[in-house]
Amino acid sequence: MKYKIKPNLAFRKISDEYYIVDSRNSMLHKLNSVGSLIWEVLKKGATVKEIVELVYKEYEVEIETLTKDVEEFITELKNKSLIEEYE
Amino acid sequence: MNEGFKNLSDELFWQSYNNRVPLYSLLEVTSRCNFDCIHCYIPQEVRRKNDELSTKEIMSCLEEIKTLGGLYTVFTGGEPLLREDIFTLLEFAKKLNFVVILFTNGSLINKETVSKIISCGVDKVEISLYGNKHFHEKFVRRKDVFSQIVSGIKMLKHNNIDVCIKSVLTKYNWNQKKFLENFAYSLGVRYKFDIICTPRNNGDIIPTTFIVEEKKLVKLLKQYNLTQVDIKKDFTTHILCSAGRNIVAVSSRGEVYPCIQFPYFLGSIKKEKFVKIWRRSFSIVEKLEETKQYQQCLNCDILQYCRRCPGISFIQTRTLYGCDTVAKLLACVTRKTVEKTAV
């Protein structure tokens, strides 16, 4: 399963962190540096496995913990309607 | 969230302010207009010229603003819907992941334009309305346009577009405030107003004489609790705004300004890259922040009530450090109101 950013969202990276505007509900979100790294990959679309591999290259943490964290993050983005599944 | 910020919006504002990111850009895509509003800041002689930026020039500018971190962009005019390529531009801005806001007089909104506004992904449409049919048409000096505008607002609202009705309230349409509030409410859209009438960009101060009478201003200031003195700790943030720091405007001819109401020429995107103009223009911010230059303000006894606009001051005095007489008038009224309330 791949995930990508929902169309029509506005976002910009300022000082290494992404600010995301969802005009549908007038919500403003901010991602920390790890979240922003993941957001970069989601622009083109990625699976959880691909995201984990990318984050692992930057932050050498235990794969099991990292996978759990990435899954939680993806669920959070999905619940906030910021990303969608495809393929 | 970092400490010291009221909320995330506040944090975004200050991050962009401190890092000089053009977070808010306003593109005046045309000076042409099918209305002739009495208070318009664009002088008649400019409104008639048709030397506006090309599609490609606007697209390049948007790309550059994006690379600098620009997030919110407003398409305004003149009347932006008069541009044949307006939907191409709106769609392009949306593809660059901007928050896209369209300012329009609403007269050209019909079934077809609504459908295009939706497909472009425009985030918000702000429509100017100055009163009921009689007052509005007198204000914009065009007949039989009111019903078309109302129909446009209804269509946009029906299609879940975020719509806002806005007005400049002057002594000529002051009595329309209640009507406009109720009308917006009945249509289920937001309403906002401004009481500042700015001089035209060529220095013509006639629009500033349209400001509502003092008695009415006092009533308004009390109603909206605007009497509270808002003295910032820092003189520079009190006397200035964020124009040129995280706000930028580009005129229909490609001139870059710190704000559309602050026509201090920073460069032209017809001659240079926007990024180059923006980076070089930090000197304007440094000039504006030379506190000691504001002797007139520092010696003014209503400074603490004054919400001076550097743009209006610049148009009026052609200097960076002069007095904004419109703000001064309001400051005088504010002081009187505060003093009366205190007694």
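Thresholds, definitions, all that
- Residues numbered from 1 in each chain as written.
- Chains lettered and ligands numbered in written order.
- Predicted model: local features only at pLDDT ≥ 70, side-chain atom pairs only at ≥ 80, totals over all residues.
- Heavy atoms only, no water.
- Axes fitted to C-alpha atoms, helices over the stretch in contact; angles between N-to-C directions.
- Helix = DSSP H or I, 4+ residues; strand = E, 2+ residues; numbered from the N terminus.
- Parallel < 35°, antiparallel > 145°, perpendicular 65-115°, else oblique.
- Left-handed = near helix turned anticlockwise from the far one by under 90°.
- Contact = heavy atoms within 4.5 Å.
- Nonpolar A, V, L, I, M, F, W, Y, C, P; charged D, E, K, R; others polar.
- Pairing = 2+ DSSP bridges.

A.B. asks: What exactly am I supposed to notice about the packing of helix α3 (residues 55-67) of chain B against helix α4 (residues 86-95) of chain B here?
C.D. replies: Relative placement of two packed helices is described by the angle separating their axes and the distance separating the axes. All names here are of chain B. Closest axis-to-axis distance for the α3/α4 pair is 10 Å, and the angle between their directions is 15°. When the axis of α3 is compared with that of α4, the two are roughly parallel. For α3 against α4, the interelement crossing comes out right-handed. The residues of α4 that touch α3, namely those facing T55, I58, M59, L62 and E63, are T88, L89, F92 and A93. Residue composition of the contact of α3 with α4, grouped by class: six nonpolar, two polar and one charged.

A.B. asks: So what exactly am I meant to see when it comes to unusual backbone geometry here?
C.D. replies: Where the residue is not glycine, phi is negative for most of them; where a peptide bond is considered, it is trans in most cases. Residues and elements named next belong to chain B. G77 connects to G78 through a cis peptide bond whose omega is 25°. Along the polypeptide, G78 turns up in the loop between β2 (72-76) and α4. Look at R141: it is not a glycine, yet its phi comes out positive at around 55°. Within the secondary structure, R141 sits in the loop between α6 (133-140) and α7 (146-158).

A.B. asks: Whenever I open this one, the sheet that holds strand β3 (residues 17-22) of chain A confuses me. Can you help?
C.D. replies: Backbone-to-backbone hydrogen bonds join strands into a sheet, with any given pair of strands oriented parallel or antiparallel. All names here are of chain A. Strand order in the open sheet formed by three strands is β2-β3-β4, with antiparallel pairing between adjacent strands. One side of each edge strand has no neighbouring strand; the edge strands of this open sheet are β2 (10-14) and β4 (27-30). Here the strands of the sheet are splayed against their neighbours by 20° on average, with no regard to which way each runs. Pairing of β2 with β3 involves five bridges; the strand directions are antiparallel. If you follow K13 over to β3, its bridge partner there is Y18.

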